[in-house]
Amino acid sequence: MTTSYEERADKARPDRGPSLSKEQSAETGGAAETSDAGTATGTGAGTGEAAEAPSPGTEPGGAAEAAEAPSAEAPPAPKSPRSKAFVLTVGLSLALLAGCLLSAAIGAYSIPIGDVLGSVQHRIGLGGQPLDRVGESVLWNVRLPRVVLALLVGASLGCAGALMQGVFGNPLAEPGVIGISAGAAVGAVASIALGLTFFGNWTITVFAFIAGLATVLLVYTLSRSGGRTEVVTLILTGIAVNAFAGALIGLFIFFADNAQITQITFWQLGSLSQATWPKVLAVLPCALAGLLIAPFYARKLDLLALGERPARHLGVDVERLRITLVLVVALLTAAAVAVAGIISFVGLLVPHLLRMANGPGHRFLVPGSALGGALVLVAGDLAARTVAAPAELPLGVLTALFGSPFFFWLLRRTRRKQGGWA
């Protein structure tokens, strides 16, 4: 059967249906024209009627007035991060000042706050009146050294915690992760158990400080490979060193006598009861050096929060930054632990709370954590002295007792807010 050329062309085109006959094409075209005309007429009519017929109850120009009417009042704009940081800084500073005054005034020998201020003014030559002999001795030889030491130790632990969380990129990191506290404890326990007295009353403090720094250097050396240090390797090495330090502490306790065991236990619980002006002067250089250096690395920590590779592309020497900040953390933590023992949760909770209040920016977080840590430790030391008076609770026990449930609440709150853990 012979097919025409047009039929073969139609069959060869897959995008076209079967060809219509001339009559069918004419009928289809006519229907399309009729449909188009009807649609145009109906649309025009409908549009004209809608345009000409005003809605009932609406005055002419009402639509324009409704369009021009002001919308509902917008909610107030949230505070900028800078204003939040300023408010938090002022609030923390005022609370810290009030805490210092209360801590200096309250105790077994009560001193009115006005007398405390008058004695301080008299000492610095701004007028005021000195206290009686007993009051002056209690204030200047017992209370104020303890308050100043609480300020230095708390600021050191809070700042060290903020730096550690920035370096590791984890809000749950703390200085103890890389073994600083455990290493310092080994040095202190060894000096007590072995009866070492090379430095007199400073022996425990010196051994704790040296052992804490040595532990950090050991952890960093073991975790370094190929000129680089991975965060995961650093954490795992710190966990292993912490376990080994715990074994050494247990071994020293096993060979110690009863008096030494009592001294070791009391040191490990953490306390500021042995605060003196010489101990304040011993901690002061390390604390000031670390607290002054840390804020200069705030911008680099913000860049590191983007990730190691983006930070390198933005000009950050990640390895040098990590080494420097780990050494600063070691300096701050070893000095604090050497004079106060092991005080937990300050370096963990304070940066976490401030990050929740003002965001992750380290320009406020680093100095703010120092203020917050000082406030927590001043308030904690005041509670430790007065809650069970005339006895004194160990400060490390008190911070852990309140810090653990509070931190658990933070974890639950974060999990509920994020809808689960990634």
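In the block above lies the structure referred to throughout.
Residues numbered from 1 in each chain as written. Predicted model: local features only at pLDDT ≥ 70, side-chain atom pairs only at ≥ 80, totals over all residues. Heavy atoms only, no water.

## Section: the nonpolar core
The nonpolar side chains of soluble globular proteins are, as a tendency, buried together. Of all hydrophobic cores here, the largest spans 64 residues; its most connected members are Leu149, Val153, Leu163, Phe168, Ile178 and Ile343. No other element matches the 14 residues that helix α6 (residues 133-168) contributes to this core. When sequence neighbours within four positions are dropped, the list of residues in contact with Val153 reads Ala336, Val339, Ala340, Ile343 and Leu377. Core analysis: the second largest hydrophobic core is formed by 16 residues, Ala188, Ala193, Ala256 and Ala338 among them. (Core = buried A, V, L, I, M, F, W, Y, C linked by side-chain atoms within 4.5 Å. Buried < 20%, exposed > 50% of the residue type's maximum accessible area, 1.4 Å probe, protein only. Helix = DSSP H or I, 4+ residues; strand = E, 2+ residues; numbered from the N terminus. Contact = heavy atoms within 4.5 Å.)

## A closer look at a positive patch on the surface
A contiguous patch of positive charge on the surface is contributed by Arg412, Arg413, Arg415, Arg416 and Lys417. Within the secondary structure layout, Arg415 lies in helix α17 (residues 395-418). (Patch = residues over 30% accessible without salt bridge, like charges linked within 9 Å, V, L, I, M, F, W, Y side chains within 5 Å. Areas by Shrake-Rupley, 256 points an atom, 1.4 Å probe, with all protein chains shown as cover. Salt bridge = Lys/Arg side-chain N within 4 Å of Asp/Glu carboxyl O. Lys, Arg positive; Asp, Glu negative; His and termini not counted. Charge placed at Lys NZ, Arg CZ, Asp CG, Glu CD.)

## Structural notes on helix α5 (residues 113-123)
Every α-helix winds through 3.6 residues per turn, so residues three or four apart in the chain are directed the same way. Turning to α5, its buried residues are Val116, Gly118 and Ser119. The buried side chains of α5 occupy one side of the element, clustering within an arc of 165° when seen end-on. After α5 finishes, the residue Gly125 shows a positive phi value of roughly 80°. (Arc of directions from axis to C-beta.)

## Description of the packing of α6 against helix α11 (residues 277-293)
Running from N to C, α6 and α11 cross one another at 25°; their axes reach a closest spacing of 10 Å. As far as their axial angle goes, α11 and α6 are roughly parallel. Regarding α6 and α11, the two cross each other, and that crossing is left-handed. Contacts between α6 and α11 involve Trp140, Leu144, Pro145, Val148, Leu149, Leu152, Ala155, Ser156 and Cys159 on the former and, on the latter, Trp277, Lys279, Val280, Val283, Leu284, Ala287 and Leu291. Here the contact of α6 with α11 is composed, by residue class, of 14 nonpolar, one polar and one charged. (Axes fitted to C-alpha atoms, helices over the stretch in contact; angles between N-to-C directions. Parallel < 35°, antiparallel > 145°, perpendicular 65-115°, else oblique. Left-handed = near helix turned anticlockwise from the far one by under 90°. Nonpolar A, V, L, I, M, F, W, Y, C, P; charged D, E, K, R; others polar.)

## Some words on the side chain of Thr237
Mapped onto the elements, Thr237 comes out in helix α9 (residues 231-255). Given the relative accessible area of 13%, Thr237 is considered buried. Each residue touching Thr237, except ones within four places of it in the same chain, is listed here: Val219, Leu222 and Ser223.

## Quick word on the packing of aromatic side chains
Enumeration according to the criterion identifies three aromatic pairs in this entry. Here Phe198 and Phe207 contribute two aromatic rings whose centre-to-centre distance is 6.4 Å and whose plane-to-plane angle is 20°, an arrangement assigned as stacked. Exposure remark for Phe198: the relative accessible area of 61% places this residue in the exposed category. Using a relative accessible area of 23% as the deciding quantity, one classes Phe207 as partly exposed. Ring centres of Phe254 and Phe255 lie 5.2 Å apart, and the angle between their planes is 85°; on these two criteria the pair is classed as edge-to-face. Residues Phe254 and Phe255 agree in their burial class; the two are exposed. Here the guanidinium or amino end of Arg123 rests over the ring plane of Trp140, the centre of that ring lying 4.4 Å away. (Phe/Tyr/Trp six-rings, centres within 6.5 Å; stacked < 30°, edge-to-face > 60°. Lys NZ or Arg CZ within 6 Å of the ring centre and 35° of its normal.)

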